[in-house]
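Residue-level listing of the chains:
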Amino acid sequence: MIIAMMDYVKYKGDTMKNKSNLFEVYDPRGQILIEKRNLSNRKNTLNGLRLAILDNSKWNANKILRGSADALSKEIKFSKINYYVKKHGFSTDAPLEMIDEITNDNDIVLTAIGDCGSCCSSCIRDAITLEDRGIPAAPIITTEFINETKLTRVAIGMPDLRPVVIDHPVSSITNDEVLQRVKIIKEQAQEVWLGQRKDI
């Protein structure tokens with residue numbers, strides 16, 4: 001892009017007025033050149049499926065995920081619910097062995113929680129890895145990180161992945177506030193797994 005500089009320009013410590021010179025300015029953002037990855041097939045029903053709960057060990061993620069599993073179980077007859085905890089930190093991807101186990105032993109997954117920049121990124125990456133393996137994934141993020149999550153989905157090549165979005169914050173909330181977020185998760189997670197969740 002070529003633009004005309006109509007203001008003062010500093011050069012070698014001297015200030016000079018420059019109204020006519022043209023300067024070449026490069027866009028530093030670059031381009032994302034990545035092949036789009038498709039979502040796994042959505043489910044027609046959730047009854048009889050095996051649900052994986054992937055906890056990234058963030059504060060209150062355990063309460064929210066276990067509460068959500070209980071709430072979902074009151075409406076859906078899961079054949080089994082399996083719980084997994086990422087022990088290597090909430091800002092890292094789930095280890096390959098855990099991804100393999102989830103893929104082999106489950107049909108859908110609920111994973112949380114993304115309430116900061118790095119944990120949002122890893123939560124979305126885990127969900128996309130499982131989607132690549134045919135497991136519909138519902139990653140839970142908070143309202144403060146919707147845009148960051150969109151960027152991650154696009155950068156990795158799966159913009160169609162839909163997250164579950166709950167109010168921020170999470171780590172410092174009360175038990176009553178946990179229950180309020182569980183109600184939202186119960187509704188939105190089903191929409192994700194069934195392919196009914198709209199983009200945000």
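Residues numbered from 1 in each chain as written. Predicted model: local features only at pLDDT ≥ 70, side-chain atom pairs only at ≥ 80, totals over all residues. Heavy atoms only, no water.

Draft legend 1. Region of the structure containing the nonpolar core. Counting residues in each nonpolar core, the largest one holds 28 residues, and the members touching the most others are I64, L110, I113, I140, I185 and W193. Elements supplying a minimum of two residues to this core: β5 (50-55), α1 (61-73), β7 (108-114), β8 (137-142), β9 (164-166) and α5 (175-194). Not counting residues within four places of it along the chain, the set of residues in contact with I113 comprises N56, K58, A61, I64, C119, I140, I166 and V170. (Core = buried A, V, L, I, M, F, W, Y, C linked by side-chain atoms within 4.5 Å. Buried < 20%, exposed > 50% of the residue type's maximum accessible area, 1.4 Å probe, protein only. Helix = DSSP H or I, 4+ residues; strand = E, 2+ residues; numbered from the N terminus. Contact = heavy atoms within 4.5 Å.)

Draft legend 2. Expanded view of the pairing of strand β6 (residues 80-85). Two elements, β5 and β6, share 6 bridges in a ladder whose sense is parallel. Of the residues in β6, the one forming a bridge with L54 is Y84. A crossover connection joins β5 to the parallel β6 through α1; in handedness this β-α-β unit is right-handed. (Pairing = 2+ DSSP bridges. Right-handed = clockwise from strand over helix to strand, strands pointing away.)

Draft legend 3. Inspection of the packing of aromatic side chains at higher detail. Following the criterion strictly, the structure yields 1 aromatic pair and no others. Over the aromatic face of F90 sits the side chain of K58, whose NZ or CZ is 4.7 Å from the ring centroid. If you follow R66 out to its NZ or CZ, it ends over the ring of Y83, 3.8 Å from the centre. (Phe/Tyr/Trp six-rings, centres within 6.5 Å; stacked < 30°, edge-to-face > 60°. Lys NZ or Arg CZ within 6 Å of the ring centre and 35° of its normal.)

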